[in-house]
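# Structural overview
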Amino acid sequence: MTERGRPRGFDRAEALRRAMETFWEHGYEGTSIGDLTAVLGIRPPSLYAAFGSKEALFREAVALYEEREGEPTLRAMCDAPTAVAGIEALLRANVVAYTDPEKPSGCMIVLAATTYTPSTAGIRDFLAEQRRASTAEVRDRLARGQADGDVPPGADIDALAAFVSSVQFGMSLQARDGATRQELSTVVDQAMVALDRSARPTA
């Protein structure tokens, strides 16, 4: 039986994917309920029946983004043989992801709530926590590198993780501004020069 408020043939997974791309492209504040219902091809009561609220839909969309876009780049970092190689793999994977012509440019977690109102401060804080978690994952990889001996024991892994995240977040903004894959690749080249000086053991 069709759930009350939902049209027959409603594909929730496909609707969530479309909502994710809309939030990714236009941000939380820049996406209205009218925008969402138009993209999803449903009326507002059907949207609320399926997802509860705009904020609940956004949080689900972020989880889907993390699964589809974040997990592959994180895996590239974790599976590399050394921490420095892993961070380079992460950054280069993000260059490709941020400039994919088939998807919105940049990173949804960075771009979806650059502005906010008092009523959407929770969304700002939610995304800030997502970004802090991303930085923590980089730090954990560097800590693993120290334990394995491929990162010097005296390296400041907190500062290095913050540096890597700053590069990632900056590239996301540059991609949204139209930076090409080649231009972002040169940013990674320079970041790796700096990282090598601090995070690779001396001979």
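In this report, we go over the structure that sits alongside the text. Given the structure is predicted, the values throughout are model-derived calculations rather than measurements.

Attention now goes to the overall build of the protein. Within the protein, the regular secondary structure consists of 9 helices and 0 strands. What you see in the protein, going N to C, is helices and strands ordered as α-α-α-α-α-α-α-α-α. Along the first, second and third principal axes, the C-alpha set of the protein runs to 65 × 35 × 30 Å. Taking all 203 residues of the protein together, the buried fraction comes to 41%. In the protein, the share of contacts with a sequence separation of at least 24, taken over all contacts with a separation of at least 6, comes to 70%.

In this structure, the largest pocket occupies an estimated 420 Å³ of space. Forming the boundary of the largest pocket are 24 residues, of which E66, G70, T73, S134 and E137 lie nearest the centre. For the lining of the largest pocket, the secondary-structure elements that each account for two or more residues are α4 (54-79), α5 (83-98), α7 (121-148) and α8 (157-176). Looking at the lining of the largest pocket, the element that brings in the most residues is α4, giving 8 residues. For the lining of the largest pocket, the residue count by class is 12 nonpolar, 7 polar and 5 charged.

All right, on to the nonpolar core then. Core analysis: the biggest nonpolar cluster contains 58 residues, and F23, F51, F58, L91, M108, L127 and L142 have the highest contact counts within it. Setting aside residues up to four positions removed in sequence, L91 forms contacts with V164, V167, Q168, M171, V188, A191 and M192.

Reading guide: rules and limits
- Residues numbered from 1 in each chain as written.
- Predicted model: local features only at pLDDT ≥ 70, side-chain atom pairs only at ≥ 80, totals over all residues.
- Heavy atoms only, no water.
- Helix = DSSP H or I, 4+ residues; strand = E, 2+ residues; numbered from the N terminus.
- Buried < 20%, exposed > 50% of the residue type's maximum accessible area, 1.4 Å probe, protein only.
- Contact = heavy atoms within 4.5 Å.
- 1 Å grid on protein atoms, 1.4 Å probe; cavity = no way out; pocket = protein on both sides within 12 Å on 5 of 7 lines; lining within 4 Å.
- Points joined across faces, edges and corners; volume = space filled by probe spheres on them.
- Nonpolar A, V, L, I, M, F, W, Y, C, P; charged D, E, K, R; others polar.
- Core = buried A, V, L, I, M, F, W, Y, C linked by side-chain atoms within 4.5 Å.

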